[in-house]
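Chain and residue survey
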Amino acid sequence: MGEALRSNPLRLGAVTAALLATPLMLLVLAGAVAPVGQLLWRSVAETEVAPALPRTLRVLRQWDGQGLPDDMAFETLAADLAALRAAGPAGADAMDRAARRLAADRPALGEALPATAEGAAGTRTTRATAVLVADPAWGEAENWAALRRAAGSASSFHLLAAIGLRQTAKGGFEDSTQGPHARAALSRGLGMAVLATFACLILAWPLARWIAEASPRRATLLSAMALLPLLAGEAARAVGWSPLLEVGPLAAFLAAALGLLPLMALPVALSLRHAGPRLPRAAAALGLPPWQVFRRIRLPLARRGLAAGCILVFTQALGTFVAAELLAPGSPLAAGILAAAARAGEWGAAGALAVCLLLPALVAAALLLPLARQRTA
Amino acid sequence: MSRLAALLLLLLLLLPLLVLAAMGGTGSGAEALRDSLLTALPAALAATLFGTAAGIGLQVRFPGRSLAVALIALPLLLPPAIPGAALLLLAEGTGFGAGRPGTVLWHALLGAPLVAAITWAALRRIDSALFRAAAACGVPPKLAIRRILRPRLAPAMLLGAALTFALSMGESTLAVMLGAGTLPSSVLSGAARMAAWLWPLLIMAAVSLAVLFRSREPVVVAGG
């Protein structure tokens, strides 16, 4: 891009130019950066339990984490739950949300909250015993630890859960209830993206060469045909592949990955066309065998296009789930679980998965973008 | 040999669309088509407006230009499920972001960098000597801009708009997540199959014809 900037046919000043680019920048900031940032923040933020059980939280802060907390904690828990009951539908809503969040960590707590709210209210014994009687889950230190962690302002719970782990009361790590399932989905999503990138890398080359070496008219035609499956969309491709292959990962992969091929083929074709036929022809004329011509001449010439294509295919493949939902419903991808969590309003899980998908995308961009630059590295 | 491989690959790429065409539609999908058009047209318009301005502005090296390029290209580099979830979160908080408005916004953000790149490439080809020659001939600057710029800028803007339109008609991930009711969602449920392959075909055919039959060099794909 260096030499292009020397041309400024409109003689625009720097300020005018910046002002022209600003509206789009603002739109991206407002429509992409801010919302995604908020989603990523929700992966560590804890919003459900603290509003519901504020007094319990304050007491638990003094707890040292060994054994069970003292009676004060039980009493404030009962008091908080009573307050929620008294608050009518809003209180019931808050209790429901807190219960769901706690259940995601320790399933027993999901029923423990409402059961304790019911049970503790009706007894006359001291609050502490009443709570224990209402639900034996309160006799386990692990549950109190989970409650304390969830009642803070931020925690690593969702991030850990996304990779299938949870933190124990003692601070160690263990598999969460959904552990293997979560990790399987994540590895499937990542694996699919890597596989798709490699597949496109290999398959796109002949097509890219054809487009690069064809006359401008034919190249336009070929490019349009190659773009067709991409523009038709993943849903159309998935439905189109469904009668041809049985339901399963292969069909989902083909529907998702093959459509991304123009994202690889066109940048590579552009690079090759830009480089021109002289160098490979000269090399061949000088006696270099075809494989060497490919390896030492064409491939480096296509470096920018290959890098750009890899980034595009990889990031798109990471975030796609429509084909997998249709053609391989038994093996959900990480992106599919993200979508389901978002639809259900579980922002902690959605945010954590977003972090897990964004990290590989960032790594890929960091590795590949320098290769896509103008100057040779 | 390599040509044969490329041809087979191209056929493989087009195979699902041919199957879709052979399957025939179960419903007319008119409502989905209408929703798709109501999404794609505003998105293409917005993308063209914002993208052309950016494409013109990015000609000049100004402080922060690299940041601008990175920001503008960002939507293309995000794994699609992430902005979908982010917009749903935004909708929960502010009421805006789900359904058609959110989808229009995101499709515009996807198309704008394309328009910017295409217009940038088109402007880059203009020889500054043309403007100097026009000034030397005594042409007022505004007329020079109109005569030199417009014939090159207009096709670029149209191509960008058409690509954004086509992209928006087929974009599946966000449309499904945000519930925009566009063609991809109804294709999944079985209706509107014909529209799903017909529209991209028509658009690409129109774009190709337009590009092929221009007297000048084609704008992006086949140029140097």
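Residues numbered from 1 in each chain as written. Chains lettered and ligands numbered in written order. Predicted model: local features only at pLDDT ≥ 70, side-chain atom pairs only at ≥ 80, totals over all residues. Heavy atoms only, no water.

**Concerning the overall build of chain A**
Looking only at helices and strands, chain A has 20 helices and two strands in total. On C-alpha atoms alone, chain A measures out to a radius of gyration of 28 Å, which is more than a quarter above the 21 Å that the 2.2 N^0.38 rule sets for 377 residues. Principal-axis analysis of the C-alpha atoms places the extent of chain A at approximately 95 × 60 × 35 Å. Burial statistics for chain A: of 377 residues in total, 51% are counted as buried. A gap of 21 Å separates the mean positions of the 34 positive and 23 negative side-chain charges of chain A. (Helix = DSSP H or I, 4+ residues; strand = E, 2+ residues; numbered from the N terminus. Rg over C-alpha atoms; globule rule 2.2 N^0.38 Å. Buried < 20%, exposed > 50% of the residue type's maximum accessible area, 1.4 Å probe, protein only. Lys, Arg positive; Asp, Glu negative; His and termini not counted. Charge placed at Lys NZ, Arg CZ, Asp CG, Glu CD.)

**Looking at the packing of helix H10 (residues 179-213) of chain A against helix H11 (residues 216-232) of chain A**
All names here are of chain A. Viewed as axis vectors pointing N to C, H10 and H11 meet at an angle of 150°, and their least axial separation amounts to 8 Å. For H10 against H11, the interelement crossing comes out left-handed. Across the interface between the two elements, Leu-207, Trp-210 and Ile-211 from H10 touch Ala-219, Leu-222, Ser-223 and Ala-226 from H11. Looking at the contact of H10 with H11 residue by residue, the classes come out as six nonpolar, one polar and no charged. (Axes fitted to C-alpha atoms, helices over the stretch in contact; angles between N-to-C directions. Left-handed = near helix turned anticlockwise from the far one by under 90°. Contact = heavy atoms within 4.5 Å. Nonpolar A, V, L, I, M, F, W, Y, C, P; charged D, E, K, R; others polar.)

**Overview of the packing of aromatic side chains**
Residue and element names in this part refer to chain A. According to the stated counting rule, one finds four aromatic pairs over all chains in the structure shown. Pairing Trp-138 with Trp-144 gives two aromatic rings, centres 5.2 Å apart and planes at 50°, and the pair type is tilted. Arranged with centres 5.1 Å apart and planes meeting at 85°, the rings of Trp-205 and Phe-294 form a pair that is edge-to-face. Here Trp-205, found in helix H10, pairs with Phe-294, found in helix H16 (residues 290-301); they are 89 residues apart in sequence, far enough to count as distant. (Phe/Tyr/Trp six-rings, centres within 6.5 Å; stacked < 30°, edge-to-face > 60°.)

**Description of helix H5 (residues 88-105) of chain A**
Residues and elements named next belong to chain A. Across its 18 residues, H5 extends 26 Å between first and last C-alpha, which sits within 8% of the 26 Å expected from 1.5 Å per residue. All of the buried residues along H5 are Gly-91, Ala-94, Met-95, Ala-98, Ala-99, Arg-101, Leu-102 and Asp-105. Seen along its axis, H5 keeps its buried residues to an arc of 165°; they face one direction. (Expected span 1.5 Å × (residues − 1). Arc of directions from axis to C-beta.)

**Details of a nonpolar patch on the surface**
A surface patch of nonpolar side chains, amounting to about 560 Å² of accessible area, comprises B:Met1, B:Leu4, B:Leu7, B:Leu8 and B:Leu11. Residue position: B:Leu7 is located in helix H1 (residues 2-23). (Patch = residues over 30% accessible without salt bridge, like charges linked within 9 Å, V, L, I, M, F, W, Y side chains within 5 Å. Areas by Shrake-Rupley, 256 points an atom, 1.4 Å probe, with all protein chains shown as cover. Salt bridge = Lys/Arg side-chain N within 4 Å of Asp/Glu carboxyl O.)

**Here we look at the side chain of B:Ser186**
Residues and elements named next belong to chain B. Its location among the elements puts Ser-186 in helix H9 (residues 183-189). Ser-186 sits in the buried class, given a relative accessible area of 13%. Apart from residues no more than four positions distant in its own chain, Ser-186 is found in contact with Ala-32, Ala-191 and Ala-192.

**Quick notes on the interface of chain B and chain A**
Taken together, the 87 residues of chain B in the interface contact 90 residues of chain A. A buried area of about 7800 Å², summed over both sides, lies between chain B and chain A, and 80% of it is on carbon and sulfur atoms. Along the contact surface separating chain B from chain A lie one salt bridge. A salt bridge links A:Glu213 to B:Arg3; its shortest N-O distance comes to 2.8 Å. (Buried area = accessible area lost by both parts, 1.4 Å probe.)

**Observations concerning helix H10 (residues 193-212) of chain B**
Think of an α-helix as turning once every 3.6 residues; residues three or four places apart then point the same way. The end-to-end C-alpha separation of H10(B) is 29 Å, in line with the 28 Å expected for 20 residues at 1.5 Å each. Turning to H10(B), the residues buried within the fold contact H11 and helix H12 (234-241) of chain A together with H1, helix H2 (30-57), helix H7 (141-170) and H9 of chain B.

**Considering the pattern of salt bridges**
Residue and element names in this part refer to chain A. Scanning the entire structure with this criterion turns up 16 salt bridges over all chains. Arg-209 serves as the salt-bridge partner of Glu-213, at 2.9 Å between the closest nitrogen and oxygen. Here Glu-213 and its partner Arg-209 are both found in helix H10, four residues apart, which amounts to about one turn of the helix. The class of Glu-213 is partly exposed, set by a relative accessible area of 40%. Here the salt bridges share partners, and the residues they tie into one network are Asp-105, Glu-142, Arg-166 and Glu-174.

**Quick look at the side chain of B:Glu171**
Locating B:Glu171 in the fold gives a position in the loop between H7 and helix H8 (173-178). At 9.9 Å, A:Arg237 is the nearest oppositely charged side chain to B:Glu171, a buried residue that forms no salt bridge. Engagement of the side chain of B:Glu171 in a polar contact is seen with the side chain of B:His107, the distance being 3.0 Å. Here the side chain of B:Glu171 touches B:Thr173 through a polar contact of 3.4 Å, landing on its backbone nitrogen. Leave out the neighbours within four places in its chain, and B:Glu171 touches B:His107, B:Leu110 and B:Pro184. (Polar contact = N/O pair within 3.5 Å; in protein donor to acceptor, adjacent residues only side chain to side chain.)

**Topic: the confidence of the model for chain A**
Within chain A, residue pLDDT values average 89, and 95% of them lie at 70 or more. Low pLDDT, under 50, characterises residues 1-5 of chain A; the stretch is placed with 13 contacts to residues that sit more than four places away or in other chains. (pLDDT = per-residue confidence, 0-100.)

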